[in-house]
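Each chain, written out:
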Amino acid sequence: MSEKTIDKKIDSAKKRKINYAVLQEQIFQEKIDAEKKIEPKDWMPDGYRSHLIRQISQHAHSEIIGMQPEGNWITRAPSLRAKMILLAKVQDEAGHGLYLYSACETLGVTRDELNKQLHEGKAKYSSIFNYPTLSWADMGAIGWLVDGAAIVNQVSLQKTSYGPYSRGMIKICKEESFHQRQGYEIMTEMANGTKEQKEMAQDALNRFWWPSIMMFGPHDSDSPRTGNAMKWKIKRKTNDELRQNFIDKTVAQADLIGLKIPDPDLKWNEERGSYDFGEIDWDEFWNVVNGNGPCNEQRLNHHKKAHDDGEWVRDAVKAYAKKSA
Ligand code: FAQ
């Protein structure tokens, strides 16, 4: 919407004695409906701002906490090539976290506040990172399934209505595609390897399948945030739509390398043109989201320690900036 159109609308509203706040909200929604991006200095409802701060910061925390399960295997990668690829991937996740924190800061919140919310348990991060990584095959399962699920979600978020978030997603998705392929390559090699290697790959798939499909969140009927998120075009697809999309894509990939998805109810539904699948264990999901998963405490403590250990770096940077000024 051009400045001229907005001015015209304001003039006409004044004549019709329409409340200015109502008008602002109306103009904002019209912009969203017309697929225009909202930029940091544009007017936005408080609810839109706080919804974005919550979602983008949780997304950023997920990228950073998500470095831990894979970081655990860098020193034990089975070859120099595998080590270099894993190291590059984990570094990419740090980069994604930084883009996302920066996008979040454009909404008027500081990194310190965001870290504080994480450390006090007020901000969440993705449930998937509270599961342990027990074997090298888990690096394959994470790349293939976790990054695979993240891409399905993030491709749709490239069209999110907030400009900085949307642009961040475009860059992140390019890197996530590489991550997904490196994971699938590990799984393919192991599935075609010795009997023991194939068993390790199947075991990793068994452990990571259900937590991966939980990443998309509760069913739409139990998702309190979806209503506003869809109205404001923060989310472009619902949790269930994205989950179905991921399952439909992934089943054929498992078949191709001779691995079996651990769901006896998984069945192609000709009518829907999609897979039917079994019931998700929502008790397990909420237990993990609420801090009681196998690694929640370990992940958060590690983050806190790294943050505290890095204090001298932050102090040094500030002192250097002061001196240079
Ligand atoms: N884990 O009403 P909804 C990655 C919470 S990036 C924990 O449906 P919404 C890359 C939700 O926050 C992975 N909490 O909420 C990588 C809400 O709580 P709140 C992260 C969850 O926001 C790969 C409550 O439940 N991606 O993996 C989860 O509409 C490998 C009610 O839920 C993103 O963050 C969950 N799985 O939908 C990195 C994408 N699900 O805040 C390293 C952006 C739900 O009201 C290695 N985010 N909750 O207290 C989103 O798309 C959405 O926020 C959803 C949740 C889909 C996650």
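Residues numbered from 1 in each chain as written. Predicted model: local features only at pLDDT ≥ 70, side-chain atom pairs only at ≥ 80, totals over all residues. Heavy atoms only, no water.

1. Some words on unusual backbone geometry
So, point 1. Even without being glycine, glutamate 35 reaches a positive phi, approximately 65°.
So, point 2. One can find glutamate 35 in the loop between helix H2 (20-33) and helix H3 (46-65).
So, point 3. Judged by its relative accessible area of 42%, glutamate 35 is partly exposed.
So, point 4. Even without being glycine, lysine 233 reaches a positive phi, approximately 55°.
So, point 5. Here lysine 233 shows up in the loop between helix H10 (226-231) and helix H11 (239-256). (Helix = DSSP H or I, 4+ residues; strand = E, 2+ residues; numbered from the N terminus. Buried < 20%, exposed > 50% of the residue type's maximum accessible area, 1.4 Å probe, protein only.)

2. Observations concerning the site of the ligand
So, point 1. With respect to spatial proximity, 35 residues lie near the ligand, and among them Arg54, Lys124, Ser223, Arg225 and Lys235 are the closest.
So, point 2. A distance of 2.9 Å is found between an oxygen atom of the ligand and a side-chain nitrogen or oxygen belonging to glutamine 58.
So, point 3. In the model, an oxygen atom of the ligand is placed 3.3 Å from a nitrogen or oxygen of the proline 224 main chain.
So, point 4. Protein chains shield 92% of the accessible area of the ligand, which is 1,100 Å² for the free molecule.
So, point 5. Those elements giving two or more residues to the shell around the ligand turn out to be H3, helix H5 (80-105), helix H7 (137-157), helix H8 (163-191) and helix H12 (282-292).
So, point 6. Looking at which element gives the most residues to the shell around the ligand, the answer is H3, with six residues.
So, point 7. Taken together, the residues of the shell around the ligand break down into 14 nonpolar, eleven polar and ten charged. (Near = heavy atom within 4 Å. Polar contact = N/O pair within 3.5 Å; in protein donor to acceptor, adjacent residues only side chain to side chain. Areas by Shrake-Rupley, 256 points an atom, 1.4 Å probe, with all protein chains shown as cover. Nonpolar A, V, L, I, M, F, W, Y, C, P; charged D, E, K, R; others polar.)

3. Details of the pattern of salt bridges
Should their charged atoms come close, side chains of opposite charge can pair.
So, point 1. Across all of its chains, the model carries 17 salt bridges by this definition.
So, point 2. Two residues, lysine 89 and glutamate 70, come together in a salt bridge whose shortest N-O distance is 2.9 Å. With lysine 89 in helix H5 and glutamate 70 in helix H4 (residues 67-71), this residue pair connects regions lying 19 residues apart in the sequence. Side by side, lysine 89 and glutamate 70 carry an identical accessibility label, which is buried.
So, point 3. Its salt-bridge partner being aspartate 203, residue arginine 207 comes within 3.1 Å of it at the nearest N-O pair. Residue arginine 207 and its partner aspartate 203 are located together in helix H9 (residues 195-214), separated by four residues, close to a single helical turn. (Salt bridge = Lys/Arg side-chain N within 4 Å of Asp/Glu carboxyl O.)

4. A look at the side chain of serine 57
So, point 1. Among the secondary structure elements, serine 57 is positioned in helix H3.
So, point 2. Exposure remark for serine 57: the relative accessible area of 2% places this residue in the buried category.
So, point 3. A polar contact is formed between the side chain of serine 57 and the backbone oxygen of arginine 54, at a distance of 3.2 Å.
So, point 4. Not counting chain neighbours up to four residues away, the residues in contact with serine 57 comprise Leu52, Cys104 and Leu114. (Contact = heavy atoms within 4.5 Å.)

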